Structures are given as C-alpha cells and as structure tokens.
Amino acid sequence: MQNARGRPFIKMHGLGNDFVVVDARREPFDLDAGAARRIADRREGVGCDQVIVMEPPRDPCANVFMRIRNADGSEVAACGNATRCVAARVMTERETREVTVETLAGLLHAKHAAEGKVAVDMGAARLDWNEIPLAREMDTLHLGLEADGLRDPVAVSVGNPHAVFFVDDAEAVELERVGPELEYDALFPERANISAAQVLDSTHIRLRVWERGAGITRACGTAACATAVAAVRRELTERKVTIALDGGELGLEWRAGDGHVIMTGPVAESFTGTLNGSLLAA
Ligand SMILES: N[C@H](CCC[C@H](N)C(=O)O)C(=O)O
C-alpha cells in the first residue's frame, strides 16, 4: 500500500550515474515498472538512471536488500554505483567500516576506502555463455557480433549482462545510435549493457557506456567491472586498472585466485525530496 502522502527519497549518484533511493526498511514500498518509469522521467518525474529501494535483508548475513529498476522500469540484479551509495548510507547509520548488501545477484561486501571512497566486492565475474546469458553456446572472449564499426566484443556478467567492444577512439563511437541496436540484439535474451572501451595503457582505460534500460549514463559500475575483466582476458591490461568514465574515475581489480571484481569509487548525496502520489500510482 503506497503512502498517499508520498514517500521520502534521497537523490544520490556515483560519478553522475544517478539514483532515486527510497528506504523501505520500515515501511514497504511496492515499486512497479510504471512507477519506476514515472520517477525516473527527467521531464515529468524526479529524473534518474535507476530507482533503488532499500529493503530488509532476506539473508541473515546481509544488512540490507537493494532492489534495482532501470529508467525503463526493468528490474535488474546488479548496479555497481548504486551499491556503493547504499553501502555508504548503511555504514554511516551503523557506524561500521563494512557492510553486506544483498541483491538478486547475491551478497556484495562493501567497505570504506581511502579518500571517502567505497570499495565493493562485486563477486566473481561470470564468463560462460549461459551465465551472461547468450542465446546460444559461444566463446565469450570473441562474440562475432558487429554493428556500425564496433566488432568482436567480449561478454562478461557481474550479475548483469555486458558486451565490451575495444575501440581505438571511444569518443568517436556513436553510442546513441549503435547502443540500442546492440542492447536488443537477439544474441542477448536478457538484453545487454554495451561498452566502448579504449585502452590507454596497461593500467588505464577510457570507457563510455550505453546501459540496458537506461541509455548513455555518465558512469556504469558494472560496465567498468566487465571492462576490467575483458581487458585482462584479452591481455590488454594488468589486473588493476583505473577506468575513466564520463563522470570520473573508478578503480578496478579483477582479483587473481577467486576471480572476484573489486570496484572502488566515490559516493555523493544530491538532495532529498518526496515522491508525490501521482508518481506512485498510475
Ligand atoms: N543498466 C544496468 C543496471 C545498472 C548498472 C549501472 N548503473 C551500474 O552502476 O552498474 C543493467 O540493466 O544491467
């Protein structure tokens, strides 16, 4: 039951990848696809890339459950930048240096890092075709997919599907045109996030992203994770890299041994507000 008075929210972002965050740990908040679209609408709503709901954890080892809906209303299992934002809020509340965030993709462990940043263990990268998922068995290191000059991507999942294209000049890619075509390619039964990655040197990558269900965003945490994995698999960089997105830099490490991807970056709160009834109920 939605609260007719409307629901308070916090506007947060990670490098400009922005979120409307609703805390539903004490009062349930049923975020359906239509409400997410209306809230995310930058003309009629609050405006954001994803709508995030903090809920009581299901897993006794977790401190909070994070529900994620893209601006198009689709519910997804991973959102790196939002994980840092939610983790920061819960660590501040609990006055702890670390926290476990539960998502549909599993438990993510986060902790404070230097310079006010937050480090999140995004779990093990998934590399098999059926874990991405792809529509048919294929070598995920070379997908044999191309569009508009982009070719030969690497597929990686960090709880959500990514196709990473390595390019000579990331700025030259017309992502707004080729992004939707690739997002909806039949090879991706659950669609895909599309990345254009330019390797600058063995520890630096420039990355631009067309996000599944959100379009071009100023940053995408899970795309940065996927790109770090893809670059190592292609032997283009070291395991620890700095990835420069439109909104700023993330630190990534695809850890040897357990194959977990560690992402470190900033968190910011923009403002608070109230979601009024017209946004919540169609
Ligand atoms: N568009 C993504 C979800 C948000 C990912 C991005 N905001 C991040 O920080 O990881 C998807 O549909 O999988």
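Scroll up to find the structure.
In what follows, the accompanying structure is described. In every chain, residue numbers begin from 1 and rise along the written sequence. Residue-level local features of this predicted model are given only where pLDDT is at least 70; pairs of side-chain atoms are given and counted only at 80 or more, and the full residue set underlies all totals for whole chains, interfaces and linings. By convention in this description, side-chain values take in all heavy atoms of the structure and omit both hydrogens and water.

1. Re the site of the ligand
Piece 1. It suffices for a single heavy atom of a residue to lie within 4 Å of a molecule or strand for the residue to be listed as near it. Taken together, 15 residues lie near the ligand, and Gly80, Asn160, Glu211, Arg212 and Thr222 sit nearest.
Piece 2. Take asparagine 81: an N or O atom from its main chain is 3.0 Å from an oxygen atom of the ligand.
Piece 3. For the ligand, a nitrogen atom lies 2.8 Å from a polar atom in the side chain of glutamate 211.
Piece 4. Protein contact buries 100% of the 360 Å² of open area that the ligand shows by itself.
Piece 5. Mapped by element, the contributors of at least two residues to the shell around the ligand are α2 (80–94) and α4 (221–233).
Piece 6. Three classes are used: nonpolar for Ala, Val, Leu, Ile, Met, Phe, Trp, Tyr, Cys and Pro, charged for Asp, Glu, Lys and Arg, and polar for all others, with Gly counted as polar. Looking at the shell around the ligand residue by residue, the class counts come to four nonpolar, nine polar and two charged.
Piece 7. Boundary definitions for the domains trace back to an automatic or database domain assignment. Counting only domains with at least three residues in the shell around the ligand, you end up with domain 1 (2–112 + 267–280) and domain 2 (124–265). N or O atoms within 3.5 Å of each other form a polar contact, as long as, within protein, one can give a hydrogen and the other can take it, and as long as residues adjacent in sequence are counted only when both atoms are side-chain atoms. Accessible areas in this description were obtained via Shrake-Rupley with a 1.4 Å probe; residue shielding takes into account the shown protein chains only. Note on conventions: DSSP H or I runs of at least 4 residues are helices, E runs of at least 2 residues are strands, and numbering of each starts at the N terminus.

2. Overview of unusual backbone geometry
Most peptide bonds are trans, and most residues other than glycine sit at a negative phi.
Piece 1. Of the consecutive residues isoleucine 132 and proline 133, the connecting peptide bond is found in the cis state with omega at -5 degrees.
Piece 2. Within the chain, leucine 15 stands out as a residue other than glycine whose phi angle is a positive 55 degrees.
Piece 3. Along the polypeptide, leucine 15 turns up in the loop between β1 (7–14) and β2 (17–23).
Piece 4. The buried label goes to any residue with under 20% of its type's maximum accessible area, the exposed label to any with over 50%, and the partly exposed label to all in between, with areas taken from a 1.4 Å probe on protein chains only. A relative accessible area of 10% means that leucine 15 is categorised as buried.

3. Here we look at the environment of leucine 200
Piece 1. Structurally, leucine 200 is set in strand β13 (residues 193–201).
Piece 2. Taking the C-alpha atoms as reference, leucine 200 lies 45 Å from leucine 280; in sequence the two are 80 residues apart.
Piece 3. Ignoring sequence-local partners within four residues, the contact set of leucine 200 consists of Ile205 and Arg206. Whether two residues are in contact is decided by their heavy atoms, any of which lying within 4.5 Å being enough.

4. Points about the pairing of strand β4 (residues 64–70)
Piece 1. Among the seven residues of β4, seven are classified as buried, and the element is accordingly described as predominantly covered.
Piece 2. Along β4, one buried face is formed by Val64, Met66, Ile68 and Asn70 and the opposite face, lined by Phe65, Arg67 and Arg69, is buried too.
Piece 3. Two strands pair if DSSP finds at least two bridges between them. Of the strand pairs in this sheet, strand β3 (residues 50–55) and β4 are connected by six bridges, and their pairing is antiparallel. For glutamine 50, the partnering residue across the bridge sits in β4 and is asparagine 70.
Piece 4. With two bridges joining them, β4 and strand β6 (residues 98–103) adopt parallel strand pairing. For valine 64, the partnering residue across the bridge sits in β6 and is valine 101.
Piece 5. Two elements, β4 and strand β5 (residues 75–76), share two bridges in a ladder whose sense is antiparallel. In the strand pairing of β5, isoleucine 68 is matched with valine 76.
Piece 6. Between β4 and the antiparallel strand that follows it, β5, lie four residues; glycine 73 among them carries a positive phi value of about 95 degrees.

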